[in-house]
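Each chain is listed here by its residues.
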Amino acid sequence: MDAHRLDNQELGEVLAVALRAGQIMLENGANMARVEETVTRFGTALGAERLDVFATPTGIVTTAIAQELHRTRIVRVLKTGIDLNRVAAVNSLAERASSGELNRAQLRDALEQIARAPRRFGDVLTVLAVGMGCACFALLFGGNAIDAGVAGVASSAGQALREWLGRLQMGRLAMTFLVTLLAAGLGLVGARVLGTPEPGLALAASVLLLVPGVLMVSSVADLFRGDTLSGLSRATSAVLVVAVVGAGLYVVLLVSGLDLALSTNAPPPLVLAILFALAATVGFAVLFDVPRRALLPCALVGAVGYAVRGGSVLLAPALPPEGAMFLAGFAIVLLSEPISYALRMPTSIFVIPGFIPLVPGVLAFRSVLELAAQDYTAGTATLVQTALRVGALAAGIGTSQALTRRKWWPITK
């Protein structure tokens, strides 16, 4: 539809469709830049001359302009999660809208179908995948088969509880605390009953399903882009989640009467570690509900990212951990860009699961426990280490995106 033919009511309908697309993207894990781009693509495809979009983690404000007419609307975002299949579906629909294939009514109906669509991977498969992912993390931390088995069972039980509480629409922080109690409690009991030499390792791996890795990395990335409001909002959310998980771990240790540290050992040989990272990425890709055809590429990206970090440490022992994290983040995007172009999907479909094996979740939780134990020196030092490594990972991702993105790629238009 041509812009000059839009009347005031039609411009309002165009704005409603565009905002609904952005709302679905924001509810399911898209970053602010992608949300604003999506709203603009839908609006201009339906006849608006220009859209001014301002997205935050809790809402989107947009003005649509068509010659002398303009309409402004605000949409609130009250629930957030990660469902990358819906993100990919909205992106694909945006391409169809740009080609003029669908009208406003058809786009509106298609968006509602995407919003109501069930997960590609069912609850049972997701529970098993999360257990596999956390079991692989236990092995990456230098644990044995018993540690991996304990972590896998405990995290699977935690994910099952999270799905049930989610259907009851429990608040995120309360749900996180209860899931931590169950997963950490089962992990600790299992480790003690089976007599693992380092029960703290199984305990740490059992709660990694709760690491707010996406929030941690995206908050730093938003700050690097100059989106201060979004960056601070997401950073605050990440800190709250980490604090709640730490509080749950502290309660479990307090009730048990044990004085354990969230410990990790030297990782296994690099080739074996890469295979474990690949499997862990698959587990979290299922949790994030990536499209099925993106599952193996996601695993490849995660394995390559971990290989770059591990290889950097081996080849350059003097390189600080932050430098290795930067290189790993750079490699993740470097590989994700051509894959996203070939599969016509957003790059985030592959980047988000790919960096999960690199997120320093254990360090983050350990800092909370150290601060809770009034060991402020160790707690502050661990917290700084966590922030530096997350920042380095986000910097590597952001730098690679800035250097590799092409305006002529269909996926980036």
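Described below are features of the structure shown in this document. Just so we're clear, the structure is a prediction, and the values are computed from it rather than from any experiment.

When helices and strands are tallied, the protein chain shows 16 helices and three strands. The C-alpha atoms of the protein chain give 22 Å as radius of gyration, which agrees with the globular expectation for 413 residues (22 Å, within 12%). Taken along the three principal axes of its C-alpha coordinates, the protein chain extends 75 × 45 × 40 Å. Looking at the 413 residues of the protein chain, the share that counts as buried comes to 55%. Here the contacts in the protein chain between residues at least 6 apart in sequence split such that 73% fall between residues at least 24 apart.

What follows deals with the pattern of salt bridges. In the structure shown here, the tally under the stated rule is nine salt bridges. Salt-bridge contacts for Asp52 lead to Arg50; the nearest nitrogen and oxygen are separated by 2.8 Å. Since its relative accessible area comes to 44%, Arg50 is described here as partly exposed.

Let's shift gears to helix H8 (residues 199-206). Among the eight residues that make up H8, eight are buried, leaving the element largely enclosed by the rest of the structure. Those residues of H8 that fall on the buried side of the exposure criterion are Pro199, Gly200, Leu201, Ala202, Leu203, Ala204, Ala205 and Ser206.

Conventions adopted
- Residues numbered from 1 in each chain as written.
- Predicted model: local features only at pLDDT ≥ 70, side-chain atom pairs only at ≥ 80, totals over all residues.
- Heavy atoms only, no water.
- Helix = DSSP H or I, 4+ residues; strand = E, 2+ residues; numbered from the N terminus.
- Rg over C-alpha atoms; globule rule 2.2 N^0.38 Å.
- Buried < 20%, exposed > 50% of the residue type's maximum accessible area, 1.4 Å probe, protein only.
- Contact = heavy atoms within 4.5 Å.
- Salt bridge = Lys/Arg side-chain N within 4 Å of Asp/Glu carboxyl O.

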